[in-house]
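The chain contents come next:
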Amino acid sequence: EELYKKGVGIVFFCGHQSNWEALFLDGTRRMKGVAIGKSIKNKRLYQWVVSIREKNGGTIISQHNALKESLRALRKGAFVGIVGDQGMPSSPHSFPFLGRMARTSTAPSLLAYKTGSPLIVATTRRIPGGYRIRYSEPLWPDTTKSTESEVVRLMDAALTLLQESIKKSPGEWLWQHNRWKQ
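Here the structure is a predicted model, which means the values were calculated and not measured.

Peer 1: Just checking my understanding: could you explain the overall build of the chain for this structure?
Peer 2: Within the chain, the secondary structure is distributed over 6 helices and 8 strands. Going from N to C terminus, the chain has its helices and strands arranged as α-β-α-β-α-β-α-β-β-β-α-β-β-α. Relative to the globule expectation of 16 Å for 182 residues, the C-alpha radius of gyration of the chain, 16 Å, shows essentially globular dimensions. Overall size of the chain, expressed as C-alpha extent along the three principal axes, is 40 × 35 × 35 Å. Counting all 182 residues of the chain, 45% fall into the buried class. Of the contacts formed within the chain by residues at least 6 apart in sequence, a portion of 72% connects residues at least 24 apart.

Peer 1: Help me understand the pattern of salt bridges in this model?
Peer 2: As a working rule, side chains carrying opposite charge can pair if their charged atoms are close by. Counted under the stated rule, the structure contains 7 salt bridges. Salt-bridge contacts for Arg-72 lead to Glu-69; the nearest nitrogen and oxygen are separated by 2.9 Å. One end of the pair, Arg-72, and the other, Glu-69, are both in helix H4 (residues 66-75), 3 residues apart, so they sit about a helical turn from each other. For Arg-72, a relative accessible area of 37% puts it in the partly exposed group. Among the salt bridges present, the one from Arg-126 reaches Glu-172, with a minimum N-O distance of 3.7 Å. In this pair, Arg-126 sits in strand S7 (residues 119-127) while Glu-172 sits in the segment after helix H6 (147-168), placing the two residues 46 residues apart along the sequence. For Arg-126, a relative accessible area of 42% puts it in the partly exposed group. In this structure, a network of salt bridges that share partners links the residues Glu-1, Asp-26, Arg-29 and Arg-30.

Peer 1: How should I be thinking about unusual backbone geometry in this particular structure?
Peer 2: Most peptide bonds take the trans form, and the phi angle of most residues other than glycine is negative. Within the chain, Ser-18 stands out as a residue other than glycine whose phi angle is a positive 35 degrees. Inspection of the secondary structure assignment puts Ser-18 in the loop between strand S1 (10-14) and helix H2 (20-30). Looking at Ser-18, the relative accessible area reads 6%, which means it is buried. One non-glycine residue, Leu-98, adopts positive backbone phi at about 55 degrees. Mapping Leu-98 onto the fold places it in the loop between strand S5 (94-97) and strand S6 (100-103). Judged by its relative accessible area of 30%, Leu-98 is partly exposed.

Peer 1: Hey, could you run me through the environment of Ala-73 in this one?
Peer 2: Assignment of secondary structure puts Ala-73 in helix H4. Taking the C-alpha atoms as reference, Ala-73 lies 7.3 Å from Gly-9; in sequence the two are 64 residues apart. Once residues within four sequence positions are removed from consideration, Ala-73 is found in contact with Val-34, Ala-78, Phe-79 and Val-80.

The rules behind these values
Here the residue index of a chain counts from 1 through its sequence in written order. This being a predicted model, a pLDDT of at least 70 is required before a residue's local features are given, and a value of 80 or more before pairs of side-chain atoms are given or counted; all residues contribute to the totals for chains, interfaces and linings. The side-chain figures draw on all heavy atoms in the structure; neither hydrogens nor water molecules are used. Helix and strand assignments follow DSSP, with helices taken as H or I runs no shorter than four residues and strands as E runs no shorter than two, numbered in order from the N terminus. Note on method: radius of gyration uses C-alpha positions; expected globular size equals 2.2 Å times residues raised to 0.38. Burial classes follow relative accessibility: with a 1.4 Å probe on protein chains only, a residue under 20% of its type's maximum area counts as buried, one over 50% as exposed, and anything between as partly exposed. Two residues qualify as a contact provided that any one of their heavy atoms is within 4.5 Å of a heavy atom in the partner residue. Here a salt bridge means any side-chain nitrogen of Lys or Arg lying within 4 Å of a carboxyl oxygen belonging to Asp or Glu.

Have a look at this one:
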């Protein structure tokens, strides 16, 4: 909240833990923000899901214009939320996620580097009556170093934090797809 009050854009990175939707709803109660969302085939159902996600004033942006809209939001001091534990077989970046190399998007760390914004990992846990959200310390990009090295450093740090959280409570990691597609 301190960073937001100073007008600093923030890249929030999370995984599919317990209720990742709670992160965006909690964040948009207190800050302006956008999140990247993938539409589903059932248009009516997707409109209903988006209406819930946007009820606190946040905006869901499509993958097709995610880079442009994310950069715009960060430069205006808003946050960008990315659920980033999906497998990306075409990505050049891989990380030993839960013991197996997994290709992953570097979009969160690239956005942080390009805008000088911090990358913050958000994790959730179920507790009686709701969820507990934890935020990591900000991972700041060092823009004096090369894009390539900083993008890798930030992404690996974020994935390490997410992986540690999953290991503490693996039953809350909701994953139905093959994370290790390559």
